[in-house]
Amino acid sequence: MNQVNNFDKRISDEIHARTVQDIRGMKDEIWNGLEKELFSDERLKRGVRRDMNKRKRVLPIIITIASGILIVFSLQTSTGTAVMKGIKEMFVPEKEIIQNIEGMDEETDVQLNEGTDAEYVLYIDETRYKLINGESEDIITTIDPLPEGYPEVTMEIKQVLDTQPDVLVKNIESVLKQDFPELREIEEVIEPVRGFQLHGAAGNEAKSKIVNAYVISNGKDGSFVITQYYFLEAAEGHGARFHHMLESFEIVE
Amino acid sequence: MDKNEWLLKIRFGDKEAFHHFYEAYVEYAIRTATAITRSREMAKDAVQETFIRVFRQIESYNPDYPFDPWFYRILTNECMRLLKKNSSSSKFIHADIENNPGIAEESLDGLSDLYDVIQSLEDAIRIPLILKYVKGFTEKEIAEVLELNQNTVKTRLFKGRKLLRNQLFPSREEDESSE
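To keep things clear, this report deals only with the structure shown in the data block.

Criteria and cut-off values
Residues numbered from 1 in each chain as written. Chains lettered and ligands numbered in written order. Predicted model: local features only at pLDDT ≥ 70, side-chain atom pairs only at ≥ 80, totals over all residues. Heavy atoms only, no water. Pairing = 2+ DSSP bridges. Helix = DSSP H or I, 4+ residues; strand = E, 2+ residues; numbered from the N terminus. Axes fitted to C-alpha atoms, helices over the stretch in contact; angles between N-to-C directions. Contact = heavy atoms within 4.5 Å. Parallel < 35°, antiparallel > 145°, perpendicular 65-115°, else oblique. Left-handed = near helix turned anticlockwise from the far one by under 90°. Nonpolar A, V, L, I, M, F, W, Y, C, P; charged D, E, K, R; others polar. Salt bridge = Lys/Arg side-chain N within 4 Å of Asp/Glu carboxyl O. Buried area = accessible area lost by both parts, 1.4 Å probe. Polar contact = N/O pair within 3.5 Å; in protein donor to acceptor, adjacent residues only side chain to side chain. Phe/Tyr/Trp six-rings, centres within 6.5 Å; stacked < 30°, edge-to-face > 60°. Buried < 20%, exposed > 50% of the residue type's maximum accessible area, 1.4 Å probe, protein only. Lys NZ or Arg CZ within 6 Å of the ring centre and 35° of its normal.

Topic: the sheet that holds strand β8 (residues 154-160) of chain A
Residues and elements named next belong to chain A.
Inference 1: Strand order in this open sheet of 7 strands is β6-β7-β8-β12-β11-β10-β9, and the pairing throughout is antiparallel. What marks the edges here is a single partner per strand, and that holds for β6 (129-132) and β9 (187-189). Adjacent strand axes in the sheet meet at a mean angle of 20 degrees when their direction is disregarded.
Inference 2: Bridge count between strand β11 (residues 209-217) and strand β12 (residues 223-231): 9 bridges; the pairing is antiparallel. Along β12, the bridge assignment pairs N212 with Q228.
Inference 3: Lying on the sheet, helix α5 (residues 165-179) is in contact with β8, β10 (195-201), β11 and β12; it crosses β11 at an angle near 165 degrees.
Inference 4: Its contacts with the sheet put helix α6 (residues 235-247) on β6, β7 (138-142), β8, β11 and β12, and the angle it makes with β12 is roughly 160 degrees.

Right, dumping it as structure tokens:
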């Protein structure tokens, strides 16, 4: 037993000796990088900041129902929260995905983000996009603003509590037709989400606006409306990235 | 302030709490990343990215479970991502190691330095060893970090220690039952 303990100690000591060099220097370098990335004035000006009024997160239990929507129930125990290990495994903080962008397969790291009141989660490439939680809707947009003259690139997500998708999509169709007269017929889709899709282009030029809207069930009596705006030239770039983001969209209740 | 207080305050963007947390975790994180990536620059990038992710995604941490495996899972994944991106020669192989224990042994010829021997092992064995001997994680914790079955971790640690022991004590047989 003593020989084994000595052996373990030797391994520990050896790895320690070979990994402890220049730690102080690295610590300072890393902290400087963190300050710049997380706490600099530039980051604050860009609006990339933590929500200082973040609501207390109630950690839930997940049950998957046949429709594929995750229904999550929260339970209160004597300690105040109850969870199943499944939620930690279901929603990893980050993962790598392969997405086809402009005809090429691209490996991308994406990070878990949640909607207002934790109504949904989805994965976003935080090197390119940010999720801004709002009162009536959440908006995903590019971190860096586009050059002047380019239409907006956004994905809006909002919940309408009292109208089912098959009714709501017709209302949205009539609204969108005002800016997109050539809007296509309502289409039932199963990807990237299951529901109704509206798609239209405001022209055939590279910078012509595109709208791509999805109206899906919220698992109860209402709907989620997800509206993407980009431009024709960006269809295989931003449009494709939005498509992949939506593939990770999960409703949480 | 203790760790739970730091983590609570980090949720609200408290820089001071984050710095306390950083000071508590950075040294072992650097050592672990250095051992996994074998590169100062990659280790630095991995550690920095890990702390960024912790700060930004602290809400996704479930406080009913231990924090360290969650933190080191992010760190290990980041190290592997950088290794892959930089086309390291090692791959994190799951299937082959169980059936081909000789894979790692082929590369041991000519290596007398223990650290070199460890670093010559396949990632599937090397990384659990690093997590055990740098951070002192148990088999259960290593399984959580690497999202593996605990028995798989046990087997890989056993194989790793056996390979190292054979290098250090080629003519002696040790009692393997201590684990």
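Picking up after the structure, the text goes on.
Focus: the packing of helix α4 (residues 67-85) of chain B against helix α9 (residues 139-146) of chain B
Residue and element names in this part refer to chain B.
Inference 1: One way to put it is that α4 packs onto α9 with a least axis distance of 8 Å and a crossing angle of 50 degrees. Considering the angle they form, α4 stands oblique to α9. By crossing handedness, the relation of α4 to α9 is classed as right-handed. Contacts between α4 and α9 involve P69, Y72, R73 and T76 from the first element and E141, E144, V145 and L146 from the second.

Some points on the packing of helix α2 (residues 23-39) of chain A against helix α2 (residues 15-37) of chain B
Inference 1: Two numbers describe how α2(A) lies on α2(B): the axes approach to 10 Å, and their chain directions differ by 130 degrees. The orientation of α2(A) with respect to α2(B), classified from their angle, is oblique. Note that α2(A) runs across α2(B); the crossing there is right-handed. Within the contact between the two elements, α2(A) uses I23(A), M26(A), K27(A), I30(A), W31(A), L34(A), E35(A), L38(A) and F39(A) and α2(B) uses K15(B), F18(B), H19(B), Y22(B), E23(B), V26(B), E27(B), I30(B), R31(B) and T34(B).
Inference 2: In terms of residue class, the contact of α2(A) with α2(B) is built from 11 nonpolar, 2 polar and 6 charged.

Looking at the pattern of salt bridges
Inference 1: Applying the stated rule across the entire model yields 24 salt bridges over all chains.
Inference 2: Of the charged contacts, one joins K15(B) and E35(A) as a salt bridge, the two residues approaching to 2.5 Å between their closest N and O atoms. Here E35(A) lies in helix α2 and K15(B) lies in helix α2, a pairing that spans two chains.
Inference 3: With its nearest N and O atoms 2.9 Å apart, the salt bridge here joins D123(B) to R126(B). Of the two residues, D123(B) and R126(B) are both situated in helix α8 (residues 123-135); the distance of 3 residues between them amounts to about one turn of the helix.
Inference 4: It is possible to trace a salt-bridge network through shared partners that takes in E94(A), D109(A), E49(B), R53(B), E78(B) and R81(B).

Let's talk about the pairing of β6(A)
Residue and element names in this part refer to chain A.
Inference 1: Pairing geometry for β6 and β7, over 4 bridges, is antiparallel. Bridging across to β7, I132 finds its partner in I139.
Inference 2: Hairpin connection from β6 to β7: 5 residues lie between these consecutive antiparallel strands.

Some details on the interface of chain B and chain A
Inference 1: The partner chain A presents 48 residues to the 59 residues of chain B that form the contact.
Inference 2: With both sides pooled, the region where chain B packs onto chain A buries about 5,500 Å², and carbon together with sulfur makes up 59% of that total.
Inference 3: When the buried surface of chain B facing chain A is broken down by residue, R31(B), R56(B) and Y133(B) rank first, second and third, together holding 12% of it.
Inference 4: Joining chain B to chain A, the criterion identifies 11 salt bridges.
Inference 5: Taking the shortest distance from any N to any O, the salt bridge between K44(B) and E29(A) comes out at 2.9 Å.
Inference 6: In this structure, the connection of chain B to chain A is made through 13 residue pairs in polar contact (both at pLDDT 80 or more).
Inference 7: Counting residues per element, the side of chain B that touches chain A draws most heavily on α2(B), at 11 residues.
Inference 8: Partitioned by chemical class, the residues of the side of chain B that touches chain A number 25 nonpolar, 9 polar and 25 charged.

What about the packing of aromatic side chains?
All names here are of chain B.
Inference 1: Summed over the entire model, instances satisfying the criterion amount to 28 aromatic pairs over all chains.
Inference 2: Centre to centre, the rings of F21 and F51 are 5.4 Å apart; their planes meet at 65 degrees, and the pair counts as edge-to-face. Residue F21 is located in helix α2, and its partner F51 is located in helix α3 (residues 40-56); the two are separated by 30 residues in the primary sequence.
Inference 3: Exposure remark for F21: the relative accessible area of 0% places this residue in the buried category.
Inference 4: For F51, a relative accessible area of 0% translates into the label buried.
Inference 5: Centroid distance Y72 to F137: 5.2 Å. Interplanar angle 85 degrees. Geometry classified as edge-to-face. Note that Y72 is positioned in helix α4 and F137 in the loop between α8 and α9, a separation of 65 residues in sequence. For the pair shown, Y72 and F137 are each scored as buried.
Inference 6: The lysine or arginine in question, K135, covers the ring of Y28, its NZ or CZ lying 5.7 Å from the ring centre.

A closer look at the pairing of strand β5 (residues 120-124) of chain A
All names here are of chain A.
Inference 1: Of all 5 residues in β5, 5 are buried, a share of seventy percent or more.
Inference 2: Here β5 shows a buried face lined by Y120, L122 and I124 and a second buried face lined by V121 and Y123.
Inference 3: Hairpin geometry of strand β4 (residues 104-114) and β5 is characterised by an intervening segment of 5 residues between the two adjacent antiparallel strands and by a positive phi of about 60 degrees at D117.
Inference 4: The sheet contact formed by β5 and strand β13 (residues 250-251) spans 2 bridges and is antiparallel. From the neighbouring strand, V121 faces β13, where its bridge partner is E250.

Keep in mind that these numbers describe shape and distance, not what the molecule does.
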